[in-house]
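Below are the chains, spelled out letter by letter.
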Amino acid sequence: MLFGELQGQPLAQRLLVAALDKRRVAPAYLFSGPDGVGRSLAALRFLEGLLGDGDCAPRERRRLEERNHPDLLWVEPTYNHQGRLIPRSEAESIGVSKRTPPQVRLEQIRELSRFLARQPMQSPRGLVVLEQPEAMAEGAANALLKTLEEPGHGLLILLCAAPERLLSTIRSRCQQIRFTRLSEDCLRSVLAQLPDGQGEQALTLAASHPELLALAGGSPGALLDHVRMLSSIPQELKQRMQILPNTPLQALGLARDLSEQLDGDQQLWMINWWQHHLWNASTQPDRLKRLDRLRQHLLSFVQPRLAWEVTLLNLIEA
């Protein structure tokens, strides 16, 4: 019952249930795997099991899901907006410019460490969930490593889609729980249970855009994100991205429009979408590698327009 909503992750479920049953809980866990396959849900249910001695606890479930439990700290990547750190989940409602990807910052890791060091108020231990730890700068990663070396009596769960981008010393200090992509039948089952017909709408759009299912790769959450992104991209830009620019002037114009009309998340999504399109239309792997480098430049906070200009000009020369 505790993990009844978690579909398609039998190994992860068995490991977490065994930890609760045997009361052998590690100080730090790394929930690794694609976005949108149940890592956050598993973390919530695992924490609920800890607070309810391995059983379902409706009151604790509600408090955890609303993230208002006094002994829970949920850390998201943030945007630096007008001198304040705005969590990724709140950025759109506040109108934060998302020209650069969000980061997990040193200040957040320091807050995390202080939270784990204090005495919990109601539960046996302090509980921290850290989303996207791969989005840490070097200073934040080193601070997190120091916290993991002296974990105290708290519990830290890292939700990570790219564990290879973490320091090996961070990975070695966490018990890794692997989450896998879902089968198509399982994906459809998960989407069918979503309220307000969201899942059915996503599957309907994916039927006319098969690249969305390919990009989602068995992740219901990723498919919903891809549907949202596809709907947010201007149709004119998508048409221009169907073919490579022919001249340097066209390349510079496309780079300008992409960097001015799309925010950081949309630009990263367009790279994935374009790579998929080029993969199906061409046998030149060098083009895909150049787009990989573009993605790394954007994630490294290189000026977006310059990064697009260099990439598109290189593609013309190639």
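This structure is a prediction, so every number in the text was calculated from the model and none was measured. (Residues numbered from 1 in each chain as written. Predicted model: local features only at pLDDT ≥ 70, side-chain atom pairs only at ≥ 80, totals over all residues. Heavy atoms only, no water.)

**A look at the overall build of the protein**
The helix and strand tally for the protein stands at 16 helices and seven strands. Over its C-alpha trace the protein gives a radius of gyration of 21 Å, about what one expects of a compact globule, namely 20 Å for 318 residues. For the C-alpha atoms alone, the extent of the protein along its principal axes is close to 65 × 40 × 35 Å. Residues classed as buried in the protein amount to 48% of the 318 residues present. Taking as baseline every contact in the protein between residues at least 6 positions apart, the subset at least 24 positions apart corresponds to 71%. Summing over all exposed atoms, the protein offers an accessible surface of approximately 16,200 Å²; the carbon and sulfur share of this is 49%. (Helix = DSSP H or I, 4+ residues; strand = E, 2+ residues; numbered from the N terminus. Rg over C-alpha atoms; globule rule 2.2 N^0.38 Å. Buried < 20%, exposed > 50% of the residue type's maximum accessible area, 1.4 Å probe, protein only. Contact = heavy atoms within 4.5 Å. Areas by Shrake-Rupley, 256 points an atom, 1.4 Å probe, with all protein chains shown as cover.)

**What about the sheet that holds strand β1 (residues 28–32)?**
Here we have five strands laid out as an open sheet, ordered β2-β5-β6-β1-β7, and parallel in their pairing. With partners counted over all chains shown, the strands left at the sheet margins are β2 (72–75) and β7 (175–178), one partner each. Direction aside, neighbouring strands of the sheet carry axes that sit 15 degrees apart on average. Examined bridge by bridge, β2 and strand β5 (residues 127–131) share four bridges and lie parallel to one another. By the bridge assignment for β5, Trp 74 is matched with Val 129. In the packing of helix α1 (residues 10–22) onto the sheet, the strands contacted are β1 and β7, and the crossing angle to β7 comes to about 140 degrees. (Pairing = 2+ DSSP bridges. Axes fitted to C-alpha atoms, helices over the stretch in contact; angles between N-to-C directions.)

**Considerations on the pairing of β5**
In terms of burial, β5 is a largely internal element, five of the five residues being buried. The two faces of β5 match: Leu 127, Val 129 and Glu 131 on one face and Val 128 and Leu 130 on the other face are all buried. In terms of strand pairing, β5 meets strand β6 (residues 155–160) through five bridges, oriented parallel. Following the sheet pairing, Leu 130 is matched in β6 by Leu 158.

**Here we look at the nonpolar core**
Grouped together as the largest cluster of nonpolar side chains are 36 residues, with contacts concentrated most on Leu 223, Met 241, Trp 269, Trp 274, Trp 308 and Leu 312. Contributions of two or more residues to this core are made by α8 (184–192), α9 (198–208), α10 (210–216), α11 (220–232), α13 (248–261), α14 (264–281), α15 (285–299) and α16 (304–317). For this core, the element with the most residues is α14, which contributes seven residues. Those residues in contact with Trp 308 that sit more than four places away from it in its chain are Met 241, Ala 255, Leu 258, Gln 267, Ile 271, Trp 274, Leu 294 and Leu 298. By size, the runner-up hydrophobic cluster in this structure holds 28 residues, among which are Leu 6, Ala 19, Ala 42 and Ile 177. (Core = buried A, V, L, I, M, F, W, Y, C linked by side-chain atoms within 4.5 Å.)

**Examining the layout of surface pockets**
Where empty space is left becomes clear once a probe the size of a water molecule has been rolled over the atoms. If you add up the space inside the second largest pocket, you get close to 230 Å³. Lining the second largest pocket are Arg 67, Leu 72, Leu 73, Trp 74, Val 75, Glu 76, Thr 78, Leu 85, Pro 87, Gln 108 and Glu 111. Counting residues per element, the ones that place at least two in the lining of the second largest pocket are β2, β4 (84–87) and α5 (106–117). Class assignment of the residues belonging to the lining of the second largest pocket gives a composition of six nonpolar, two polar and three charged. (1 Å grid on protein atoms, 1.4 Å probe; cavity = no way out; pocket = protein on both sides within 12 Å on 5 of 7 lines; lining within 4 Å. Points joined across faces, edges and corners; volume = space filled by probe spheres on them. Nonpolar A, V, L, I, M, F, W, Y, C, P; charged D, E, K, R; others polar.)

**Things to note about the packing of α15 against α16**
Contact pair α15 / α16: the axes reach a minimum separation of 10 Å and the direction vectors enclose 170 degrees. Relative to α16, α15 is oriented roughly antiparallel. Here Arg 287, Arg 290, Leu 291, Leu 294, His 297 and Leu 298 of α15 come into contact with α16, specifically with Pro 304, Ala 307, Trp 308, Thr 311, Asn 314 and Leu 315. For the contact of α15 with α16, the per-class residue count stands at seven nonpolar, three polar and two charged. (Parallel < 35°, antiparallel > 145°, perpendicular 65-115°, else oblique.)

Keep in mind these values describe shape, not function.
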